[in-house]
Amino acid sequence: MIRDLELRVPATQAAGPLAQAAARAVGVAVSRIRHVTLLRRSLDARPRPAVFQLKIRVWIDEEPQPERGFSLDLRNVAAAAPVLVVGAGPAGLFAALKLIEGGRRPLILERGKEVRARRRDVALLSRDGIVDPDSNYCFGEGGAGTFSDGKLYTRSTKRGEVARILSILVQHGAAADILVDAHPHIGTNRLPAVVQALRQTIVGCGADVIFGARVEALLRRDGRIFGVRTGDGRIFEGDAVVLATGHSARDIYTMLGREKLALEPKPLAMGVRVEHPQDLIDRIQYGSAPRPEGLPAASYSLLHRSQGRGVYSFCMCPGGVICPATTASGEVVVNGWSPSRRNSPWANSGIVVETTVEDARKVARNFAHDLARDPAPDLEGDDALAGMRLQASIEEAAADAGGGRAMAPAQRLLDFLAGRDSASLPACSYPPGVTAADLSSVLPAALTSALRDGFREFGRKMAGFLTEEAIVVGVETRTSAPVRIPRDPRTSMHPQLEGLFPCGEGAGAAGGIVSAAMDGERCAAAVLAAGSGN
């Protein structure tokens, strides 16, 4: 007999054998339990002490049969017709794997460097504030997620597709825990090796990955794309192009506009990153510090509506580090990541405010006025890039306030709420360093007001959250793409250019590693369904 059960287990016992707990739940002798498989695990920190909610599968009086997992149907595609895949992030890599399964040869063009060389550029940015515009936290092999935590949580309800993506990641070196955890996480220290293994699988099937290939133009004829040109003048041809360039490739949006291809404005969220001592968050969430044995570094998820806008925590990183996510000199952008053990002494999270399509241009115009700048003329019209330009304006203001070398403007949380300067700043994990600055001069007034309102509400929800020990660091602006690249719902192609398949976060069609990978597979399936390649 096989039974699926749900158990609530004290945290101190969750890592131990489950046969005895399963026997008690079913009402049989433990000797009759032949095997227990963990299907799902989530933490419930509300009780004291905290418990794990487990879903398990139990074999009673019979031996388990091997369960069939997801496997890639790989083949050698060296002689097959090429499909160009622009971008080696999760959307591009998983699109490539799907194309190989369908018998097509992906040719991946990545503007940045392979993951080992990229690691050196990220270190240079963190240490000296020197930005390589093609190799940084956002660009390079693996995309923005590689050095920004590797969180795998998705709200997608397509559990079969999610399980396939997670299974493929495990096959390439991710820990098997991601298959069962409710909020799976690989860790920045482990994800680069997984990304490298994915590339080795792709190349091993006869496909190609070319680094240092920044696409600058689309080649088209009679309403159809037939290739691309890179910044160094090279031309690559293919009868389909999967455009998977990520949410920070502003030059791609500008290029598409120059090519007179339709773009659509998209809602986005921007704000700051707040950091507390991890022990403080543990004490708030678990009722004690140090945290009880068996419990992970505590996290939180917060949401409030202020003046019609959502204010919420984003990419919360327990035991993590704030990192510089800028892609160009003269701008400051922050993000966060955690190692797989989540053992940093700090906890950080983005706290961001929704900005709708309708008010993006108004906020941008008002912010330009506050900075004594002239707004871009096209902000007055129906400009799909208004949100992108608002992002850039905020990031430039943050760079000015930080003082250079990727230093970030920061304030104590209580000072930010009171609207006063910080005479000193607490220790902060942000490697380039922080500069005391008034963040209300860096952010649009509408965002500042909503953030202050949200922080006050979060303090009511989490006693101790509002403290002199907390620091607010600016700015968190790259939560998602500020632009949507439209695509035909039937063919997944851009409606104005046959053979161009916008994909992943850069197309506004995904919001994280797993959803981007799923969209990459869907776009590759659309390429295969479109045929050609002869």
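Details of the structure are given in the entry above.
Attention in this report is confined to the structure presented alongside it.

Between helix α6 (residues 250-258) and helix α9 (residues 386-402), the shortest axis-to-axis distance is 11 Å and the interhelical angle comes to 145 degrees. The hand of the α6/α9 crossing is left-handed. Judged by residue contacts, Arg-250, Tyr-253 and Thr-254 of α6 engage Met-388, Gln-391, Ala-392 and Glu-395 from α9.

Next up on the list: the environment of Gln-200. Within the fold, Gln-200 resides in helix α5 (residues 191-204). A relative accessible area of 47% places Gln-200 in the partly exposed class. For Gln-200 and Thr-326, which are 126 residues apart along the polypeptide, the C-alpha to C-alpha distance reads 28 Å.

Let us look at the nonpolar core. With 76 residues, the main nonpolar core has Val-274, Phe-455 and Phe-465 as its most contacted residues. Setting aside residues up to four positions removed in sequence, Phe-465 forms contacts with Val-274, His-276, Ile-284, Tyr-300, Leu-302, Leu-413, Phe-455, Phe-458, Gly-459 and Ala-470. Listed in part, the 48 residues of the second largest apolar core include Ala-96, Leu-97, Val-209 and Ala-510.

Okay, the pattern of salt bridges next. Following the criterion strictly, the structure yields 39 salt bridges and no others. Taking the shortest distance from any N to any O, the salt bridge between Arg-199 and Glu-141 comes out at 2.6 Å. Taken together, the residues Arg-199 in helix α5 and Glu-141 in the loop between α3 (115-128) and α4 (159-171) connect sequence positions 58 residues apart. Taken as a pair, Arg-199 and Glu-141 share a single burial class, namely buried. Shared partners join several salt bridges into a network, and the residues in it are Arg-111, Asp-134, Arg-214, Glu-216 and Asp-251.

The next thing to look at is the pairing of strand β20 (residues 471-476). Among the six residues of β20, six are classified as buried, and the element is accordingly described as predominantly covered. Judged from the four bridges that link them, strand β12 (residues 268-277) and β20 form a sheet pairing that is antiparallel. Bridging from a neighbouring strand, Gly-271 pairs with Glu-476 of β20. Bridge count between strand β18 (residues 408-412) and β20: three bridges; the pairing is antiparallel. The partner of Arg-412 across the bridge, within β20, is Ile-471.

In this structure, Ile-108 sits in strand β5 (residues 105-110). Overall, Ile-108 belongs to the buried group, its relative accessible area being 0%. With 23 residues separating them in the primary sequence, Ile-108 and Val-85 have C-alpha atoms 4.6 Å apart. Non-local contacts of Ile-108, meaning those with residues more than four positions away in its chain, are made with Val-85, Gly-87, Ala-88, Gly-92, Leu-93, Ala-96, Ile-202, Asp-208, Val-209 and Ile-210.

Quick notes on the rules
- In every chain, residue numbers begin from 1 and rise along the written sequence.
- In keeping with the model being predicted, local features are shown solely for residues with a pLDDT of at least 70 and side-chain atom pairs are shown and tallied solely at 80 or more, while totals for entire chains, interfaces and linings include all residues.
- The side-chain quantities take in all heavy atoms of the structure and omit both hydrogens and water.
- Every axis corresponds to a line fitted to the C-alpha atoms, with the helix fit spanning only the stretch in contact, and the corresponding angles, defined between N-to-C directions, vary from 0 to 180 degrees.
- Only DSSP runs of H or I reaching four residues or more are called helices, and only runs of E reaching two or more are called strands; each is numbered from the N terminus.
- By the definition used in this description, the sense in which the near helix is turned from the far one sets the handedness, with an anticlockwise turn below a right angle giving left-handed and a clockwise turn giving right-handed.
- Here, residues are in contact when the closest pair of their heavy atoms is within 4.5 Å.
- Think of it in three bands: residues with accessible area under 20% of the maximum for their type are buried, residues over 50% are exposed, and the middle band is partly exposed, with areas taken using a 1.4 Å probe on protein chains only.
- Grouping buried Ala, Val, Leu, Ile, Met, Phe, Trp, Tyr and Cys residues that are joined through side-chain atoms within 4.5 Å yields what is termed a nonpolar core.
- Salt bridges, as used here, are contacts in which a Lys or Arg side-chain nitrogen is within 4 Å of a carboxyl oxygen on Asp or Glu.
- The pairing criterion is simple: DSSP has to find at least two bridges between the two strands.

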